[in-house]
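Examining the three-dimensional arrangement
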Amino acid sequence: MGFECQIVLLWKNLMTLSSEHINEASLRRLNRQERYKLFGLTLPYLVLVTALIIIPIGWLFYMSFIGRDGTLSLENYTRMIDSKAYMRIFITTFKISILTTLICAMLGYPLTYFMSQLPKKWAGLCMIGVLIPFWTSLLVRTYAWLVLLQKKGIVNTILVDLELISAPIKFVHNTSGTLIGMAHIMLPFLILPLYANMRTIDKDCIRAAASLGATPSRAFWTVFFPLSIPGLLAGLLIVFVLCLGFYVTPAILGGGRVIMVAMKISSNIELYFSWGAASALGVVLLLFTLLILFLASKLVSMDQISGRN
Amino acid sequence: MTLNALNISIKDITKKYDDFHALKDINLEVTSGEFLTLLGPSGSGKTTLLMVLAGFTSPDYGSVKFGDEEVVLKPPHLRDIGMVFQNYALFPHMNVEQNIGYPQKLRGVSTQLLKDTVNEALATVKLDGLGHRNVGELSGGQKQRVALARAIVFKPKILLMDEPLSALDKKLREEMQIELRHLHDSLNMTTVYVTHDQKEALTMSDRIAVINHGSLMQLGTPNEIYNSPNNAFIADFIGESSLITVSVKDNKAYLKKSEIFVNHSVEKNGDHLLVVRPEKLFISEEKEKDTNLFFGHVSESIFQGESQLLVLRLDPEVFGEQSLQMRIANGSDLKGKIPAVGDKISIGLRMSDSFIVEKSDDSQ
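Please read these numbers as outputs of a predicted model, since none were measured by experiment.

1. Observations concerning the domain arrangement of chain B
- Domain annotation for chain B reports domain 1 (8-227) and domain 2 (241-358).
- Using only C-alpha atoms to locate each centre, domain 1 of chain B and domain 2 of chain B end up separated by 39 Å.

2. Comments concerning the sheet that holds strand β20 (residues 355-358) of chain B
All names here are of chain B.
- Strands sit in the order β13-β12-β11-β14-β20 across an open sheet of 5 strands; the sheet is antiparallel. Edge positions in the sheet fall to β13 (258-260) and β20, since each has one partner strand and no second. The average undirected angle you get between the axes of adjacent strands in this sheet is 50°.
- Sheet topology places strand β12 (residues 252-255) next to β13; 3 bridges connect them, and they run antiparallel. Within the sheet, the bridge partner assigned to Tyr254 lies in β13 and is Glu259.

3. With respect to the interface of chain A and chain B
- At the junction of the two partners, chain A supplies 15 residues and chain B supplies 17 residues.
- Sort the elements by how many residues they give to the side of chain A that touches chain B and helix α9 (residues 203-211) of chain A lands first, with 6 residues.
- Along the lines of polarity and charge, the residues of the side of chain A that touches chain B split into 8 nonpolar, 3 polar and 4 charged.

4. Considering the domain arrangement of chain A
- Under the domain assignment, chain A is made up of domain 1 (3-63) and domain 2 (84-305).
- One C-alpha centre belongs to domain 1 of chain A, the other to domain 2 of chain A, and the line joining them spans 45 Å.

5. Describing the packing of helix α2 (residues 96-106) of chain B against helix α4 (residues 140-152) of chain B
All names here are of chain B.
- Running from N to C, α2 and α4 cross one another at 25°; their axes reach a closest spacing of 7 Å. When the axis of α2 is compared with that of α4, the two are roughly parallel. By crossing handedness, the relation of α2 to α4 is classed as right-handed. Every residue of α4 that contacts α2 at Val96, Asn99, Ile100, Tyr102 and Pro103 is listed here: Val146, Ala149 and Arg150.
- Looking at the contact of α2 with α4 residue by residue, the class counts come to 6 nonpolar, 1 polar and 1 charged.

6. Overview of α9 of chain A
- Counting buried positions along α9 of chain A yields 7 of 9 residues, so the element is predominantly enclosed.
- Listed in full, the buried residues belonging to α9 of chain A are Cys205, Ile206, Arg207, Ala208, Ala209, Ala210 and Ser211 of chain A.
- For α9 of chain A, the elements touching its buried residues are α10 (216-244) of chain A together with α1 (46-54) and β6 (81-84) of chain B.
- Gly213 of chain A occupies a position one or two residues after α9 of chain A and carries a positive phi of about 115°.

7. Focus: the pairing of strand β14 (residues 270-276) of chain B
Residues and elements named next belong to chain B.
- β14 sits mainly inside the fold: 5 of its 7 residues count as buried.
- Relative to β14, strand β11 (residues 242-249) is paired through 7 bridges, and the arrangement is antiparallel. Pairing of Ile244 across the sheet is with Leu274, part of β14.
- Sheet analysis places β14 next to β20, joined by 4 bridges and oriented antiparallel. Considered in β20, the bridge of Val275 is made with Phe355.

Conventions we followed
Residues numbered from 1 in each chain as written. Chains lettered and ligands numbered in written order. Predicted model: local features only at pLDDT ≥ 70, side-chain atom pairs only at ≥ 80, totals over all residues. Domains from an automatic or database assignment. Pairing = 2+ DSSP bridges. Helix = DSSP H or I, 4+ residues; strand = E, 2+ residues; numbered from the N terminus. Axes fitted to C-alpha atoms, helices over the stretch in contact; angles between N-to-C directions. Contact = placed C-beta atoms within 7 Å. Nonpolar A, V, L, I, M, F, W, Y, C, P; charged D, E, K, R; others polar. Parallel < 35°, antiparallel > 145°, perpendicular 65-115°, else oblique. Left-handed = near helix turned anticlockwise from the far one by under 90°. Buried ≥ 20, exposed ≤ 12 C-beta atoms within 10 Å, placed from the backbone.

Here's what the structure looks like:
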């Protein structure tokens, strides 16, 4: 290497030591601008969340600590612990939610399994069957159940005509009506994440199990079912959490005999104008929901709950 | 491990999907302990045939026998075959050990035997000590080894493999080809292997069954398939070749006016294809005995590492519009004398390396 070359090399080394690399500053600025743009896109949503969720919830917390006389007090919470009526409402809420979730699992899992095994075209048709009721108004569907299940409704008429029962069964305005209606409305919330999960299960895994000597049922229980658990848990969780705060269906199909937390909140405001008591119930319900989500996040990742896999 | 391998006999296996003939009257005997490859392009039916053997696809009619036993009506889990899938199909919720132990657990073997056989299988595929790893932590090559260990741990007499190496990179794939072949030799299982990679098939197999359009085109050793393909599709599909149209008249083959000497007798008149393997051509100054001589000029010269690929445009007045590919090994005596683009050269093809095949719809 010639002497001149060495000088040039030395010069270049000096340049890189003293200044930045080529385009370094501009590229950094570009990256920064990109980040600002992305932040700008989320801004409207952030404003909305703050205005419509964070501030109202803060206000809710505050109101739950205001007693009847307008001063700060814990009476709204102590009443909840002391009063047997409140305890009953919480027990009812959990009982209905757990039962609805179980019914959804028992109806939804086999159906979703069936759909996941169909060719995509047929599965799509089935999915439309699941989604059309899902897109239909909740109120319409709830009243439809009321019509179907009442004493002189279609279901009872058919059962009596077939002489399966001697007198009409009381399906509505009680727990069973509430469960039937809620399970129907909640079912898609179980099916959707479960289906997304089941579609990702490699069919070759099931084939591999068979080639290794597993009977179809053994292959299902040792391979397919364990692999579908994340989707199942996600679905169960969504259904359960939605049930906890459900209002319309239990209010209509329960006929006032099934009182869940959401209904008590409503009656606290509409009948007793007790915003404090209603707020405290709301806070407790919110805390329960958060607790359940927290426990569930230990079991499944949140990605799966939001339907991704 | 000592095992009694089983022979497989396939008779008249046919499978139609609507109007599409996936398999047409396949007849094939796989002798016990043999490594047989089903080779064909995608959509040829080779995987369908493997799935028929495994029991995942039922044929419209035909018979599959493992040894003397008819299995075509048996469900997959009763066939007692080891199978390796293209994308490994490992159980993601089980670790390596549990994956490999799965077939043993199904067979209800004792805890001690389970442990021993799993360790033996792990050692066979050179994964000792990785038993507790999660499947997700493994590289592609390791996953393939686990899949293999799982397929052989219960000592099946037949091993089926569906393009097991296609997801691996080239270098690893070539290593695994040799390793799989050694494994086959030491385990003494009858192996049916599916691939679309002709080089892989040539490397690994005792015999190759070339399949296209649902039919068995040719069955033979790698040498037979490469050096005497029985039709134009196989000549084109296996290895590199230039296919030159020649006409046959009075038991002789002609390229335009000049006679081409071939290593077999020709009977049928009409257009045929001369199959020229690029590595069989050599630079030749003058006509030797029992050699076909071509001349023209070099239109392309490509350096490819171990060899130089030349494309020769033959003299159109003598041979018509034809080009030939020729491969010269680098590092041979020719080094430094490799013809450049535009050079006029003459090349020879020995009669013993010359053969013609009938034209078919699949080639050209």
